[in-house]
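Each chain is listed here by its residues.
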Amino acid sequence: MGKLVEYSLVQDHVAMIRLQRPEAANALSSALLDNFNRIIQQADADPKIRCVIITGSGEKAFCAGADLKERSRMNDSEVVAAVRYIGKTVSAIERMRMPVIAALNGVAFGGGLELALACDIRVAIADTKVGLTETSLAIIPGAGGTQRLARLIGPGQAKKLIFTAKPITAEAAYHIGLIEDLTNREELMKRVIQLATSIAHNGPIALEQAKLSINQGLQTDLATGLELEHTYYQKTIPTADRMEGLEAFKEKRRPIYYGK
């Protein structure tokens, strides 16, 4: 068996994580999740990485969700544990300190869409589909889908997708705010790497604090969120990077940030 998850540096400060089970639509087997979690930890601990891209291998799927063949051999308690493991993996992606981009090279169903929802930005090829299809299997999205989707696109649209269990086109997903950018297959990786590189040029401490401020602020009321924003803003003030940004602006050059 080859690598189930591949990790590589694609540009300065930009890493790519690629699911490597194209023969199984990049389904989330327990072995793949084990590999995935190790790589998530590796990327998150590397101070050189300022943006991460997650994608799938092959042309069929970004990720089709849980490995249902593996699931069919489990008893009830094992199924619950397996779904919890997917949920913990998805949450680990959401907690990564740097921005994370999902490059949807194919379908994203069930746990695969839940994985994409935990990323900060989603870019998809226009001729693919996404959906939370669990109710058609007499279960519900159990790895964060009911919570993250409703927060992203609103409860009405989330309920429509989850209750019908019907996949929608990437174009339809773009129009309801589920996907942030559309492109074609030939341009996908070029577009995503350009976006990641643009992000990685900015101050890494600022990126981390902005992500924390947005994510944590969404969990609370506006007044508390504004206080959180002020707290995270203050953390950028005593940094060498902030002074470098001011000097670069004065000298009309691109700043060079070191995350200090």
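Use the structure listed above.
As the structure is a prediction and not an experimental result, all values here were calculated from the model.

Peer 1: Please explain the overall build of the protein chain as it appears in this structure.
Peer 2: Across its full length, the protein chain holds eleven helices and ten strands. By the compact-globule yardstick of 18 Å for 260 residues, the protein chain fits well, its C-alpha radius of gyration being 19 Å. With respect to the three principal axes, the spread of C-alpha positions in the protein chain is 60 × 45 × 35 Å. Of the roughly 13,600 Å² of accessible surface on the protein chain, 56% is carried by carbon and sulfur atoms.

Peer 1: Please clarify how the sheet that holds strand β6 (residues 107-109) should be interpreted in this entry.
Peer 2: By way of backbone hydrogen bonds, the strands of a sheet pair with one another, either parallel or antiparallel. Overall, mixed pairing links the four strands, which are arranged β4-β6-β8-β9 in an open sheet. In this open sheet, the two strands that pair with only one neighbour each are β4 (61-63) and β9 (168-169).

Peer 1: I'm lost on the nonpolar core in this one. Help?
Peer 2: Generally speaking, a soluble globular protein has its nonpolar side chains buried in company with each other. Among the nonpolar cores identified, the biggest contains 49 residues, and Phe36, Val52, Ile54, Leu115 and Leu178 are the most heavily contacted of them. Looking at this core, the element that brings in the most residues is helix α1 (residues 30-45), giving six residues. Membership of the second largest hydrophobic core comes to 15 residues, among which are Met16, Ile53, Ala196 and Ile199.

Peer 1: Just to check I follow, could you spell out the environment of Asn184 for this structure?
Peer 2: Following the sequence through the fold, Asn184 ends up in the loop between β10 (181-183) and α8 (188-200). Under the relative-accessibility criterion, Asn184 is labelled partly exposed at 38%. Spatially, the C-alpha atom of Asn184 lies 5.9 Å from that of Ala126, the residues being 58 residues apart in sequence. At a separation of 2.8 Å, a polar atom in the side chain of Asn184 contacts the main-chain amide nitrogen of Glu187.

Peer 1: How should the sheet that holds strand β5 (residues 100-104) be read in this particular structure?
Peer 2: Judged by pairing direction, the sheet is mixed, and its six strands sit side by side in the order β1-β2-β3-β5-β7-β10 without closing on themselves. What marks the edges here is a single partner per strand, and that holds for β1 (5-11) and β10. Neighbour to neighbour, the strand axes of the sheet diverge by 20° on average, direction disregarded. Summarising the sheet, strand β2 (residues 14-19) and strand β3 (residues 51-56) pair through six bridges and their orientation is parallel. Its bridge partner lying in β3, Ala15 is registered against Val52. Contacts between α1 and the sheet are confined to β1, β2 and β3, with β1 contributing the most and set at about 30° to the helix.

Peer 1: Any chance you could explain helix α3 (residues 76-94) here in plain terms?
Peer 2: One full turn of an α-helix is made of 3.6 residues, so residues set three or four places apart face in the same direction. Look at α3: 27 Å from first C-alpha to last across 19 residues, which is about the 27 Å you get at 1.5 Å a residue. Inspection of α3 places Ala82, Ile86, Gly87, Thr89, Val90, Ser91, Ala92 and Ile93 among the buried residues, and these make up the whole buried set.

Peer 1: Where do I start with the side chain of Arg21 in this structure?
Peer 2: In this structure, Arg21 sits in the loop between β2 and α1. Residue class for Arg21 comes out buried when judged on its relative accessible area of 13%. Not counting the four nearest positions on each side in its chain, Arg21 is found in contact with Leu4, Asn26, Ala27, Ser29, Leu32, Ser57 and Asp67.

Peer 1: Even after reading the chapter, I still don't get the pattern of salt bridges, so can you show me in this structure?
Peer 2: Once their charged atoms are close, side chains differing in charge can pair, the charge on each being opposite to the other. Under the defined criterion, the tally for this structure stands at eleven salt bridges. Where Arg122 meets Glu180, a salt bridge forms, and the shortest distance between an N and an O atom there is 3.4 Å. With Arg122 in strand β7 (residues 121-125) and Glu180 in the loop between α7 (170-175) and β10, this pair connects stretches of sequence that are 58 residues apart. Notably, a salt bridge pairs Glu244 with Arg253, separated by 2.7 Å at the nearest N-O pair. Among the charged side chains, a salt-bridge network with shared partners connects Glu244, Glu251 and Arg253.

Peer 1: Explanation requested: the pairing of β1 in the structure shown.
Peer 2: Each regular strand carries side chains that alternate between the two faces of the sheet. Looking at chain direction, β1 and β2 are connected through six bridges and run antiparallel. Opposite Glu6, over in β2, you have Arg18 as the bridge partner. Two successive antiparallel strands, β1 and β2, enclose a turn made up of two residues, where His13 displays a positive phi of approximately 75°.

Calculation criteria
The residue count restarts for each chain, going from 1 along the sequence in the order it is written. In view of the model being predicted, local features appear only for residues whose pLDDT reaches at least 70, and side-chain atom pairs are presented and counted only at 80 or more, with totals across whole chains, interfaces and linings using the full set of residues. As a rule here, side-chain values cover all heavy atoms of the structure and leave hydrogens and water aside. Runs of E in the DSSP output that reach at least two residues are strands. Runs of H or I that reach at least four are helices, and both are numbered from the N terminus. Radius of gyration means the value over C-alpha atoms here, while the globule rule gives 2.2 Å times the residue count to the 0.38 power. Residue exposure ignores everything except the shown protein chains as possible cover, and the areas themselves are Shrake-Rupley values with a 1.4 Å probe. Here a strand pair is declared whenever DSSP counts at least two bridges between the two strands. By nonpolar core is meant a set of buried Ala, Val, Leu, Ile, Met, Phe, Trp, Tyr and Cys residues that side-chain atoms within 4.5 Å join together. Classification of residues uses two cut-offs on accessible area relative to the type maximum, computed with a 1.4 Å probe and protein chains only: under 20% is buried, over 50% is exposed, and between them is partly exposed. Whenever a nitrogen or oxygen atom comes within 3.5 Å of another N or O atom, the pair is scored as a polar contact, on the condition that within protein one atom can donate a hydrogen and the other can accept it, and that pairs from neighbouring residues in sequence are kept only if both atoms are in side chains. Axes, fitted as lines to C-alpha atoms, cover a helix only where it is in contact. Angles between the N-to-C directions of the axes lie from 0 to 180 degrees. The contact criterion used is simple: two residues touch if any of their non-hydrogen atoms lie within 4.5 Å. To estimate how far a helix should reach, multiply one less than its number of residues by 1.5 Å. Counted as salt bridges are all cases of a side-chain nitrogen of Lys or Arg within 4 Å of a carboxyl oxygen of Asp or Glu.

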